[in-house]
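The lines below spell out each chain.
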Amino acid sequence: IYTDAQNINTVRRVFALLDTVVPMFERCFGPYRWHRIGYIPTSRGSMEHVNNIALAYQAMASMSDEGQSTIAHELGHAWFGNLVTCQTEGDMWINEGGATFCSEVAREATHGRGSSNALYQKNLESVVRTTHRTDGNQYRPLHGMPHGYTYGSTTYDKGALVWHSLRGLMGDSLFYASMRTLFSRCAFGNLDAYALRDSLMAYSGMDLTDFFRQHVF
C-alpha cells in the first residue's frame, strides 16, 4: 500500500480492515487468485487494476462509509470482473453490480449483518427513488444496457440489489457455494446474463428462470 507520508498512520488504520474483509471474500467467492493486493492513490478516480488498485485520494485515508465501500468495491473486482468478466458491456452489471454487492459483504465482515442490511436498505431507497431519473428517465433492465448507460446507477446500484436478492432467494449456503463453483469453473473467462443464469441453475439445482426474467431481463 503506497501513500503520502503525512497520511500513513490513518491509512494504516483504514486498511487494517482488510484483515477481516479478505478472508470473508475468500469464504464467499473462493481463493484470491492474484500475486498480491496493492493500492495506490490517484486524483483520477478508482480502478481495479490487478495487483495494483488505483484508489481515489479521498478514499485512501477515509474511515467514512463511502471510503470503505470504495476500497471493498475495487477489491471485489478481483472476482467480479478480473477473474470472471462480462461477455459484453451490455452485461456490465455482472462486474460492477457484483463489486458493489461486495461492499455490502465487506460491511457484514467488519460491522455485522445489521450494518450491512442498513447499507442495502440505503441503496434500495436510492434506487427506487432516483435511479430511473439519473439513467435517462427510464426504468432499464440490467441485460442489454445501452452504451451511454453502461456505468450508470442501474448497472452499479440496481445490479447490487439483484445480487443481494439472488443471495436471499437461494440462501447463503447455496448461493455462496454456487458462486465459488462459478469462479472456479469459469476462471479467466467471460459470460453473459444467460450463461450466468444457466451456470447458477446447474450448480445449485434451483430454477432461476423467473428470477432472471423479472430482475435481469
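Sequence positions are assigned chain by chain, starting from 1 and proceeding in written order. With the structure being a predicted model, the display of local features is reserved for residues of pLDDT at least 70 and the display and counting of side-chain atom pairs for 80 or more, all residues being used for whole-chain, interface and lining totals. Side-chain calculation: all heavy atoms of the structure are included, whereas hydrogens and water are not.

A. Representation of the overall build of the protein within the structure. Per the convention used, a helix needs a DSSP run of H or I reaching at least four residues, while a strand needs a run of E reaching at least two, with both numbered from the N terminus. Each helix and strand in the protein was counted, giving ten helices and four strands. Along the protein, helices and strands appear, N-terminal first, in the series α-α-β-β-α-α-β-α-α-α-α-β-α-α. Taken over C-alpha atoms, the radius of gyration comes to 17 Å for the protein, in line with the 17 Å a tight globule of 217 residues would show. Structurally, the protein occupies a C-alpha span of about 55 × 40 × 35 Å along its principal axes. Relative accessibility decides the category of a residue: with a 1.4 Å probe and only protein chains considered, values under 20% of the type maximum give buried, values over 50% give exposed, and everything between is partly exposed. Burial statistics for the protein: of 217 residues in total, 48% are counted as buried. Only heavy atoms enter the contact rule, under which two residues are in contact if any of them lie within 4.5 Å. Within the protein, residue pairs in contact and separated by at least 24 positions form 63% of the contacts whose partners lie at least 6 positions apart. A gap of 3 Å separates the mean positions of the 18 positive and 20 negative side-chain charges of the protein. We compute the radius of gyration from the C-alpha atoms alone; for a globule the expected value is 2.2 Å times N to the 0.38, where N is the number of residues. Two residue types count as positive, namely Lys and Arg, and two as negative, namely Asp and Glu; His and chain ends fall outside the count. Taken as the charge location is NZ of Lys, CZ of Arg, CG of Asp or CD of Glu.

B. Geometry of the pattern of salt bridges. The working definition used for a salt bridge is a side-chain nitrogen of Lys or Arg within 4 Å of a carboxyl oxygen of Asp or Glu. Enumeration according to the criterion identifies eight salt bridges in this entry. With its nearest N and O atoms 2.9 Å apart, the salt bridge here joins R197 to D198. Sharing partners across several salt bridges, the network here consists of E108, R113, R167 and D172.

C. Structural context of helix α1 (residues 8-15). Inspection of α1 places V11, V14 and F15 among the buried residues, and these make up the whole buried set. With its buried residues spanning 85 degrees around the axis, α1 presents them on a single face. Those residues of α1 that are exposed and aimed more than 90 degrees away from the buried face are R12 and R13. In the core, the buried residues of α1 are packed alongside α2 (18-29), β1 (39-42), β2 (53-56), α3 (57-60) and α4 (65-76). Arc, as used here, means the arc of the directions from the helix axis to the C-beta atoms.

D. Up close: the nonpolar core. Counting 53 residues, the largest nonpolar core has F25, F29, W93 and W163 as the members making the most contacts within it. Take this core: its biggest share by element is seven residues, from α2. The term nonpolar core refers to a set of buried residues drawn from Ala, Val, Leu, Ile, Met, Phe, Trp, Tyr and Cys, joined through side-chain atoms within 4.5 Å.

E. Representation of the environment of T181 in the model. Mapped onto the secondary structure, T181 falls in helix α8 (residues 172-185). Judged by relative accessible area, which is 23%, T181 ranks as partly exposed. Separated by 24 residues in the primary sequence, T181 and G205 place their C-alpha atoms 13 Å from one another. A 3.5 Å cut-off defines polar contacts: any pair of N or O atoms within that distance qualifies, except that in protein one atom must be a possible hydrogen donor and the other a possible acceptor, and neighbouring residues in sequence count only when both atoms are side-chain atoms. Of the polar contacts made by the side chain of T181, one reaches the backbone oxygen of A177; its length is 3.0 Å.

F. Spotlight on the packing of aromatic side chains. Aromatic pairing here means that ring centres of Phe, Tyr or Trp (its six-membered ring) are within 6.5 Å. Orientation follows from the plane angle: under 30 degrees is stacked, over 60 is edge-to-face, and everything else is tilted. Taken as a whole and judged by the stated rule, the model has 19 aromatic pairs. Taken together, a centroid distance of 5.8 Å and an interplanar angle of 65 degrees make the contact between Y32 and W79 edge-to-face. Within this pair, whereas Y32 is found in the loop between α2 and β1, its partner W79 is found in the loop between α4 and β3 (84-86), the two being separated by 47 residues in sequence. Residue classification places Y32 among the buried residues on the basis of a relative accessible area of 18%. Through successive ring pairs, a cluster of aromatic residues spans F25, F29, Y32, W79, F80, W93, F101, W163, F175, Y176 and F183. Sitting over the face of the ring of Y149, R140 holds its NZ or CZ atom 3.9 Å from the ring centroid. In this scheme, the term charge over a ring applies when either NZ of a lysine or CZ of an arginine sits within 6 Å of the ring centre and within 35 degrees of the ring normal.

G. Summary view of unusual backbone geometry. The phi dihedral of N51 is positive, around 75 degrees, even though this residue is not glycine. Along the chain, N51 turns up in the loop between β1 and β2. Its identity as a non-glycine residue notwithstanding, F188 has a phi of 65 degrees, on the positive side. Along the chain, F188 turns up in the loop between α8 and β4 (189-191). Classification of F188 as exposed rests on a relative accessible area of 53%.

H. Here's a closer look at the packing of helix α7 (residues 153-170) against α8. In this analysis, axes come from line fits to C-alpha atoms, helices being fitted only over the stretch in contact, and the angle between any two N-to-C directions falls in the range 0 to 180 degrees. Put simply, α7 and α8 touch, their axes get as near as 6 Å, and they point 120 degrees apart. As judged from the angle between their axes, α7 and α8 are oblique. For the pair α7 and α8, the crossing hand works out as right-handed. When α7 is examined against α8, the residues W163, L166, R167 and M170 are found in contact with a partner set consisting of D172, L174, F175, Y176, S178 and M179. When grouped by side-chain class, the residues that make up the contact of α7 with α8 number seven nonpolar, one polar and two charged. In this scheme, roughly parallel covers angles under 35 degrees and roughly antiparallel covers those over 145, while 65 to 115 is roughly perpendicular and the rest are oblique. By definition, turning the near helix anticlockwise from the far helix through less than a right angle yields a left-handed crossing, and turning it clockwise yields a right-handed one. We call Asp, Glu, Lys and Arg charged. Ala, Val, Leu, Ile, Met, Phe, Trp, Tyr, Cys and Pro are nonpolar, and the rest, Gly among them, are polar.

So, to be careful, I would describe these as geometric facts and stop short of saying anything about function.
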